[in-house]
Amino acid sequence: MTSNTRVVVIGAGLAGVRLARRLGELGTPALLVGEEEHAPYNRVLLAEVLAGRYAPEVIALPPPAGLLRTRVTGIDRAARTVACADGTSLAYDALVLATGSNPVLPPLRGLFTPDHQLPVGVHAFRTMDDCLGLAEAVRPGVRAVVIGGGLLGVSAARALAVRGAQVVLAQQAERLMERQLDPDASRLVLRHLTELGVEVHTECRVRDVRCVAGAVRSVEMADGYALDADLVVLACGVRPRTGLAEQAGLAVRKGVLVDDELRTSDPRIHAIGDCAQHDGTVYGLAAPALEQADALAELLAGDTRARYTGTRSLTRLTLTGPDSPFDLAAFGETEPRPGDDVVRIADATRGTYRKVVVRDDRLVGGVLVGELGTVGALARAWEGAEPLPGDGPLLHLLTNDGGS
């Protein structure tokens, strides 16, 4: 495409901002359309804002050259125009969907008021507005129930506990962060949250939100047990925002289907980030979104060789504890197959745990919990998919705490 190509990017999150900035650097300016009133920000760090560690402006992203704050309401593929809620019509030569994802709202009785709003005290935890609303409501001693024990729920529970709330975390699965961590690592996360004062219930399902005068007062479990609550945080996962793509007739499954050039079923429309499904995968993580943005920027700027072939992504979370940071990382295949070699090192006193899975002399996955100085080197060995050296270097990586 030439420098005169009109590129419109819908969505001002990590993926959209990265794409717009890279395109500007490559001489192909883009118009970025974002519906949030806040300056673009790093959504990954919202829990740190809630915990009071960062002010909102600290997690702001470097602003791109062109940003229009409005909501896109429709796409006319034949006319190659985008309609906006403020009446604006934007023409495009290339359109990029970076619409992100929406929080999953569980089917709980009493979750919505008669006018289809969340009751006072019930919050999703996805946007800056969600975060600021929670931060305003939390205070020492407030009774908070977090529904969901995945990465987001653990982060929210930790942040609320750091702010002095009395936190109960309700997880339907049998352990915390069951998608990323093995049972031993989950137990260490449980121990860390418990030390912060969080009360954790696993294998329990919330079925009801009880409200008085439009404000939450308690949540009820499937077994009838009730938890008093001044605040309820919904951390039940996210779902790709595909509404615009579906309305426009694009191919959608879990996310908007894209090929290695990040093209949708309409070759003039691309998709990146949380809303995109590439080769059967919706990543929902920052690293793949940034890699997709970089690859698409090269393509739109005229490099016909650029391709996106997938991301070997690593999940990383740092929990701020009463005495020291508590890190965890998970990557690749954390559960071994028959015939795999597993190296596991645990230190119950220090609360550290390292496990890696080796297949045919190659590192295929790992779980690391504790004060980590090992993540970078192990992740590089995994990403490179190179044969590992002898046992000594791998053992050194696992036992090296980076000086801790």
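Here goes a summary of the coordinates provided. Source: prediction; values computed, not measured.

This brings us to the pairing of strand β4 (residues 72–76). Relative to strand β5 (residues 81–84), β4 runs antiparallel, the two being bridged by 4 bridges. Across the sheet, Gly 74 pairs through a bridge with Ala 83, a residue of β5. In textbook terms, the turn of a hairpin is the stretch between consecutive antiparallel strands, and for β4 and β5 this stretch comprises 4 residues, one of which, Arg 80, has a positive phi near 55 degrees.

Bringing the sheet that holds strand β14 (residues 215–221) into the picture now. The 3 strands lie next to each other as β13-β14-β15, forming an open sheet whose pairing is antiparallel. Because the sheet does not close on itself, it has two edges, and the strands there are β13 (206–212) and β15 (226–228). Averaged over all pairs of adjacent strands, the angle between strand axes in this sheet comes to 30 degrees, irrespective of strand direction. As paired strands, β13 and β14 are joined by 6 bridges and run antiparallel to one another. The partner of Asp 208 across the bridge, within β14, is Glu 220.

Take unusual backbone geometry next. A positive phi is found at Ala 213, a non-glycine position, where the angle reads about 55 degrees. Positionally, Ala 213 belongs in the loop between β13 and β14. Unusually for a residue other than glycine, Asp 360 sits at a positive phi of about 55 degrees.

A few words now on the pattern of salt bridges. With the rule as written, the count across this model stands at 28 salt bridges. Among the ionic pairs, Asp 294 bridges to Arg 22, the shortest N-O distance being 4.0 Å. Pair noted here: Asp 294 is in helix α7 (residues 286–300) and Arg 22 is in helix α1 (residues 14–25), with a separation of 272 residues, a long-range link. Notably, a salt bridge pairs Arg 158 with Glu 48, separated by 2.8 Å at the nearest N-O pair. One end of the pair, Arg 158, is in helix α4 (residues 151–162); the other, Glu 48, is in helix α2 (residues 46–50), and 110 residues separate them in sequence. What makes Glu 48 buried here is its relative accessible area of 8%. A single salt-bridge network, built from bridges that share partners, covers Arg 18, Arg 22, Glu 25, Asp 294 and Glu 298.

One finds Leu 19, Leu 95, Leu 97 and Ile 272 to be the most contacted residues of the largest nonpolar core, which totals 47 residues. Tallying contributions element by element places α7 first for this core, with 7 residues. Ignoring sequence-local partners within four residues, the contact set of Leu 95 consists of Val 8, Ile 10, Ile 75, Val 82, Arg 268, Ile 269 and His 270. With 46 residues, the next largest nonpolar core counts Leu 46, Val 198, Val 200 and Leu 319 among its residues.

What follows deals with the state of the cysteines. Inspection of the entire model under this criterion finds 0 disulfides. Looking at Cys 131, it has no disulfide partner, and the nearest cysteine sulfur is the one in Cys 236, 18 Å off.

With that out of the way, let us pick up the environment of Ala 297. For Ala 297, the location among the structural elements is in helix α7. Taking the relative accessible area as the measure of exposure, Ala 297 reaches 0% and is therefore buried. Considering only alpha carbons, one finds Ala 297 and Arg 18, 279 residues apart in sequence, at a separation of 8.9 Å. Ignoring sequence-local partners within four residues, the contact set of Ala 297 consists of Leu 19, Arg 22, Leu 23 and Leu 26.

Rules of the game
Residues numbered from 1 in each chain as written. Predicted model: local features only at pLDDT ≥ 70, side-chain atom pairs only at ≥ 80, totals over all residues. Heavy atoms only, no water. Pairing = 2+ DSSP bridges. Helix = DSSP H or I, 4+ residues; strand = E, 2+ residues; numbered from the N terminus. Axes fitted to C-alpha atoms, helices over the stretch in contact; angles between N-to-C directions. Salt bridge = Lys/Arg side-chain N within 4 Å of Asp/Glu carboxyl O. Buried < 20%, exposed > 50% of the residue type's maximum accessible area, 1.4 Å probe, protein only. Core = buried A, V, L, I, M, F, W, Y, C linked by side-chain atoms within 4.5 Å. Contact = heavy atoms within 4.5 Å. Disulfide = S-S within 2.5 Å.

None of the figures reported here should be taken as evidence of function without further support.
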